Structures are given as structure tokens and as C-alpha cells.
Amino acid sequence: SGVTKEQKESLKVAEQSVALAQTQLDITKASENTLRLQGKTEKEIRDLKIEQTNETILALEAQLLAQQEIKKSQIEERNKNITQGIIRFLSLPLTLILGTIDSITKAASLLPGVGDIATNLEEGFSGGLAGLIFDPKEVASEADETIKETENQLRNLKNTRDGYIISEQKENKKNRNKEL
């Protein structure tokens, strides 16, 4: 797929970090009443939720970056070149025959009065098969779906965090007005 082991591992670690951060956020949300019984104020609980949401956002941003890097690696032209090299190796006898024909036609086209009759049969054969096996548009489309889903999760988390911040701002304003 053109994706390095390090890129796969990076994405795996990022996904695990997101899952862990999301679990922590869910636990914090689910234990609000317990935190109140422990004497935590609404502000402390909200600050805890903001902190947990920020950690989840950072982990999700790291995951998004890893996904984008993997997409970039997958759709680069080198993937087709790798596939083409494998096809050339697996079909070596045919590749040699086509390469020989290409060499003969190239040499013949250098003779005066023959014209340009050079062929590129080997490239057409291996490149055509590689193109059938590796479709960069399909790979890009699949990667775009995954990235879009991650971006939606990220947007929702940021919106939730911003809601906590707005709530805190309203409470601060209310307390200032009370003091005045």
C-alpha cells in the first residue's frame, strides 16, 4: 500500500490515544454527581471536562495528521511503480520479450528513412496491469472518508468544549454582576 511500518504504528498509537482520552472524558461526564458529592464545585467539574475534552482533541488531531500522512503515502505515484516492478518480476519472460521488441524498434527507428517506429510495449503492459491493480482515486476516496469522519469527531468535540467555555463565561459574568 506504500504505507511504512512507522506510519501504521503512528496511526495505531494515535487511535489508542483517542480511545483512552475519550474513555476518560466519558468517565468524567458520567461521574458528575459523584464529583459533586466529593465537594467539587460546578466550576471545578467544568474545568475537568474542558481539560479532558482538550486532551481528546489533541489526540484526535494527532490521529487526523497520521491519517493524512498515510493517505499521502498511499496515493503517491511510487505505489504504482512498486506494483509495476512486482509485475515485471513476476512476468519476467514476457517482460524480457517485450523489452527486446522495444529495443529493436528503437534501434530500427534510428536508421535513415525508416521513421519513428519505436514501441513501448513493456511499459504499456506492466504499467497497464499496475494501473488495474492500483487505483489511486479509489484509495484517495477511501482515505477521504476516514479523514472526514475524524474531522467530524474533532468538530463535535471542539463544539462541546466551546459549550463548556461559554457556560463558564456566563457563570463568571453572572458572578461579576452579583458582586457589582
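Worth saying up front: this structure is predicted, and the values here are computed from it rather than measured.

Would you mind showing me how to read the nonpolar core here?
Considering soluble globular proteins, one finds that nonpolar side chains tend to be buried as a cluster. Grouped together as the largest cluster of nonpolar side chains are 10 residues: Val18, Ala21, Leu25, Ile57, Ala59, Leu60, Leu64, Ile147, Leu154 and Leu157. Those elements that place two or more of their residues in this core are helix 1 (5-30), helix 3 (42-75) and helix 7 (136-179). Here this core takes 4 residues from helix 3, the largest share from any one element. In this view, Leu25 contacts Lys49, Gln52, Thr53, Thr56 and Leu157; residues no more than four positions away in its chain are not counted.

Even after reading the chapter, I still don't get the environment of Asn33, so can you show me in this structure?
In this fold, Asn33 is placed in helix 2 (residues 32-37). When the C-alpha atoms of Asn33 and Ile45 are compared, they prove to be 9.7 Å apart, with 12 residues separating the residues in sequence. Looking at Asn33, its side chain comes within polar contact range of the side chain of Arg36, at 2.7 Å.

Help me out: how do you make sense of the pattern of salt bridges in this one?
Between side chains of opposite charge, a pair can form as their charged atoms come close. The final tally for this structure, using the stated rule, is 9 salt bridges. In this structure, Glu32 and Lys49 form a salt bridge, with 3.1 Å as the shortest nitrogen-oxygen distance. On the criterion of sequence distance, the pair formed by Glu32 in helix 2 and Lys49 in helix 3 is long-range, its members being 17 residues apart. Grouping residues by exposure puts Glu32 and Lys49 together as buried.

Is there a simple way to explain the environment of Gln52 in this structure?
Following the sequence through the fold, Gln52 ends up in helix 3. Judged by its relative accessible area of 8%, Gln52 is buried. Filtering out sequence-adjacent residues up to four positions away, Gln52 remains in contact with Ala21, Gln24, Leu25 and Thr28.

Each value, and the rule that gives it
Residues numbered from 1 in each chain as written. Predicted model: local features only at pLDDT ≥ 70, side-chain atom pairs only at ≥ 80, totals over all residues. Heavy atoms only, no water. Core = buried A, V, L, I, M, F, W, Y, C linked by side-chain atoms within 4.5 Å. Buried < 20%, exposed > 50% of the residue type's maximum accessible area, 1.4 Å probe, protein only. Helix = DSSP H or I, 4+ residues; strand = E, 2+ residues; numbered from the N terminus. Contact = heavy atoms within 4.5 Å. Polar contact = N/O pair within 3.5 Å; in protein donor to acceptor, adjacent residues only side chain to side chain. Salt bridge = Lys/Arg side-chain N within 4 Å of Asp/Glu carboxyl O.

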